[in-house]
Amino acid sequence: MRQAPEKIAVLCHSGAGGSGVVATELGLMVARAGHEVHFVGSAVPFRLAGHQGFQGPYYHQVSSFAYALFEQPYPELAAANTLTEVILEHGVTLSHAHYAIPHATAAIHAKSITGRSRVVTTLHGTDVTLVGAEPAFRHTTRHAIERSDHVTAVSHFLAEQTREVFGVDREIEVIHNFVDAERFVRVTDPRVRARFAHPDEALLVHVSNFRPVKRVEDVVQVFARVASEMPARLLMIGDGPERPRAFELAGQLGVIGRTQFLGSFPDVQTVLGISDLFLLPSSNESFGLAALEAMSCEVPVVAARAGGIPEVVEEGVTGFLAPVGDVDAMADAALRVLRDRDLYLGMGRAARQAALTRFHPDRIVPKYLASYARTVGEA
Ligand code: GMT
């Protein structure tokens, strides 16, 4: 980064998803490094609440305008307009867009209006693997990727996928996600764990937005197999369209009494910190931030061998991977970890070690700061 502090705008989704979490935590760390950070979005990002102050970071709400003639509220145009105001009023020199569409599109638009503010875009996955591959957004996503001044992706898998899906040959810097290893720690107070499980029960956990890509029914299937072999409980954290199906399946498989659906909340670290095993059977996952947060809490992971997950979970070291949909293999792996105390403890330690080394903010955040410096310096 330049000697003088930069003024940086951050565009991200406000919901509980991993991209908003990464954007917020990164923005907070960039602010702590002495830069002025302005979040721009339709709602206060999930994990930003309580962190704003008169010295920043700041939050600017994207205005929305409904008019009978408009069939849609045009959120991308509204975001570009609000960002333009923020760039002009505050002298923002760099916009960091999390997701090619709609955020990089809005940032590129604001850059073109103002003639200022370079654009760094971070690809998180869904825009490339799901939305971007949808022909309705193909050209706009490719344009956003090509016209950004710098592009990062959260995994090698995603960078490769982006090149394949969009045929772009520009540089895409891989910067893995990070975890706050001081916040995501083992919770040793037995009273916290006692709220959810008896001491002799294994505590399995899943955190997601319950979208089809997460295969939450597989979570319940794996848990039912585990629970038929040993005393166990399952915590389902998050919310989304597949939650009713998962709930119904838990009833059908007779594990509803041992499964708790806790909904969505920001301080997920406490629940991860008392858990024994994290389940992530997604059909695709560009990274799997929730798995990393579990690892930081010394929780081994059983996951699908999909997308960027193998870049996070090291097979046989910090967890086990199985083919997508192979709930028997996942249940076998879960039982193997939960029945072997030494294996369980060793994997937990290795998981924590990975969080402290490969995925520590001290290692990852400077890569973003360096990319900002290069991008602003090129102006
Ligand atoms: O997992 C989701 O569906 C939410 C999505 C998001 O936009 O928050 O997560 C994506 O970004 C995360 C942060 O980089 C990654 O950890 C997730 O793997 C990625 N989700 C998918 O690729 C499905």
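Remember, it's a predicted structure, so these values are computed and weren't measured experimentally. (Residues numbered from 1 in each chain as written. Predicted model: local features only at pLDDT ≥ 70, side-chain atom pairs only at ≥ 80, totals over all residues. Heavy atoms only, no water.)

*Asks:* Teacher, can you tell me more about the sheet that holds strand S12 (residues 301–304) here?
*Replies:* Note on sheets: strands pair through backbone hydrogen bonds, and any given pair is parallel or antiparallel. The strand order S10-S9-S8-S11-S12-S13 describes an open sheet built from six strands, whose pairing is parallel. The sheet is open, and its two edges are formed by strand S10 (259–263) and strand S13 (319–322), each paired on a single side. Across the sheet, the mean angle from the axis of one strand to that of its neighbour is 20 degrees, orientation sign disregarded. Examined bridge by bridge, strand S9 (residues 232–237) and S10 share four bridges and lie parallel to one another. (Pairing = 2+ DSSP bridges. Helix = DSSP H or I, 4+ residues; strand = E, 2+ residues; numbered from the N terminus. Axes fitted to C-alpha atoms, helices over the stretch in contact; angles between N-to-C directions.)

*Asks:* Got a minute to help me understand the sheet that holds strand S4 (residues 94–98) in this structure?
*Replies:* Pairing is parallel in the open sheet, where seven strands are placed in the order S3-S2-S1-S4-S5-S6-S7. One side of each edge strand has no neighbouring strand; the edge strands of this open sheet are strand S3 (58–61) and strand S7 (173–174). Direction of pairing for S4 relative to strand S5 (residues 118–123): parallel, over a ladder of five bridges. By the bridge assignment, Leu94 is partnered in S5 with Arg118. Contacts from helix H1 (residues 18–32) reach strand S1 (7–11), strand S2 (36–41) and S4, with the element oriented near 155 degrees to S2. The strands that helix H2 (residues 75–90) touches are S1, S2, S3 and S4; relative to S2, the one it contacts most, it runs at about 160 degrees. (Contact = heavy atoms within 4.5 Å.)

*Asks:* Looking at this structure, I do not really get the environment of Asp200. What am I missing?
*Replies:* Here Asp200 lies in the loop between helix H7 (190–194) and strand S8 (202–207). Measuring from C-alpha to C-alpha, the distance between Asp200 and Met230 comes to 9.3 Å, with 30 residues separating the pair along the chain.

*Asks:* Could you clarify how one ought to interpret the side chain of Lys214 in this entry?
*Replies:* Note that Lys214 resides in the loop between S8 and helix H8 (216–227). Not counting the four nearest positions on each side in its chain, Lys214 is found in contact with His206, Ser208, Asn209, Pro281, Ser282 and Glu285.

*Asks:* I would appreciate a short explanation of helix H13 (residues 327–339) in the present structure.
*Replies:* Structural remark: α-helix, 3.6 residues per turn; residues separated by three or four positions point the same way. Under the 1.5 Å per step criterion, the end-to-end length of H13 is 18 Å for 13 residues, consistent within 8% with the ideal 18 Å. The secondary structure elements touched by the buried residues of H13 are S8, H8, strand S11 (277–280), S12, S13 and helix H14 (341–356). (Expected span 1.5 Å × (residues − 1).)

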